[in-house]
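Residue-level structural notes
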Amino acid sequence: MNFATIFLLLAAGFGVSFIVLDVSRVAGRRHWPSSYDVTSDNFRPFAIFLALFAGPALFVQALWRMLLSGGARISDGILGVAIACGWACCYGLLIVQCVRLSGLPAP
């Protein structure tokens, strides 16, 4: 594994998760989970779908909001970026493997 592979995995992981997040925002506006009633809103199927398929994008956006509002320190931000990159890399590896299983050429 070299830097090009890691970059490809990160791009695939973050790219697909941000695409899923944006499409879900447009398509599922009525079902968007709120943070007011955590026990009933966050365990619905749409919220679980978002957590599974748009997790890195949701994490990056929440981390960005916390850093801008002053709710997190810079060290927390650095750790959050490392976690988000690891999560996106794992997600990108899953995407590349699914592309290979479908018969398309993948790096």
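Predicted, not measured: the structure shown is a model, and the values here were computed from it.

**Some points on the overall build of the chain**
Each helix and strand counted, the chain has 5 helices and 0 strands in total. Listed N to C, the secondary structure of the chain is α-α-α-α-α in terms of helices and strands. When contacts within the chain are restricted to residue pairs at least 6 apart in sequence, those whose partners lie at least 24 apart make up 60%. Element-wise, carbon and sulfur atoms account for 73% of the exposed surface of the chain, whose accessible area totals about 7500 Å².

**A short note on the nonpolar core**
Core analysis: the biggest nonpolar cluster contains 6 residues, these being Val20, Leu21, Phe46, Leu50, Ala54 and Ala57. Secondary structure elements with two or more residues in this core: helix 1 (3–27) and helix 3 (45–53). With residues near it in sequence (within four places) discarded, Val20 still touches Phe49, Phe53 and Ala54.

**Focus on a nonpolar patch on the surface**
A cluster of nonpolar residues, Ile48, Phe49, Leu52 and Phe53, forms a patch on the protein surface that exposes about 360 Å² of accessible area. With respect to the helices and strands, the residue Phe49 is situated in helix 3.

**As for the state of the cysteines**
Using the criterion set out here, one finds 0 disulfides in the structure. The thiol sulfur of Cys85 is not disulfide-bonded, and the nearest other cysteine sulfur, from Cys89, lies at 8.6 Å. We classify Cys85 as partly exposed; its relative accessible area is 28%.

**A word on helix 4 (residues 55–69)**
The end-to-end C-alpha distance of helix 4 is 21 Å, a good match for the 21 Å that 15 residues give at a rise of 1.5 Å each. Looking only at helix 4, the buried set comprises Gly55, Pro56, Ala57 and Leu63. Lining the buried residues of helix 4 we find helix 1, helix 3 and helix 5 (74–101).

**A short note on the pattern of salt bridges**
Counted by the stated rule, this structure contains 1 salt bridge. The salt bridge partner of Asp76 is Arg73, with a shortest N-O separation of 3.6 Å. The exposure class of Arg73 is exposed, given its relative accessible area of 58%.

**Here we look at the packing of aromatic side chains**
With the rule as written, the count across this model stands at 3 aromatic pairs. An angle of 45 degrees between the planes, with centres 5.1 Å apart, marks the rings of Phe49 and Phe53 as tilted. Residue Phe49 and its partner Phe53 are both found in helix 3; the two are separated by 4 residues, about one turn of the helix. In this structure Phe53 comes out as partly exposed when scored by relative accessible area, which is 39%.

Criteria and cut-off values
Throughout, residues of each chain are indexed from 1 in the direction in which the sequence is written. This being a predicted model, a pLDDT of at least 70 is required before a residue's local features are given, and a value of 80 or more before pairs of side-chain atoms are given or counted; all residues contribute to the totals for chains, interfaces and linings. Note that water and hydrogens are dropped before the side-chain values are worked out from all heavy atoms of the structure. Put simply, DSSP marks the helices as runs of H or I at least four residues long and the strands as runs of E at least two long, and each gets a number from the N terminus on. Residues count as neighbours in contact if any of their non-hydrogen atoms are within 4.5 Å of one another. Residue burial considers only the protein chains on display, and all accessible areas are found by Shrake-Rupley using a 1.4 Å probe. Buried Ala, Val, Leu, Ile, Met, Phe, Trp, Tyr and Cys residues form a nonpolar core when they are joined through side-chain atoms within 4.5 Å. Any residue under 20% of the maximum accessible area for its type is buried, any over 50% is exposed, and the rest in between are partly exposed; the area is computed with a 1.4 Å probe on protein chains only. The patch calculation keeps residues exceeding 30% relative accessible area without a salt bridge and links them within 9 Å when they carry like charges or within 5 Å when they are nonpolar (Val, Leu, Ile, Met, Phe, Trp, Tyr). In the sections that follow, a salt bridge refers to a side-chain nitrogen of Lys or Arg positioned within 4 Å of a carboxyl oxygen of Asp or Glu. Pairs of cysteine sulfur atoms within 2.5 Å are what we label disulfides. Each helix should span, by expectation, one fewer than its residue count multiplied by 1.5 Å. Only Phe, Tyr and Trp rings are paired, with Trp represented by its six-membered ring, and only when their centres lie within 6.5 Å; those with planes under 30 degrees apart are stacked, over 60 edge-to-face, the remainder tilted.

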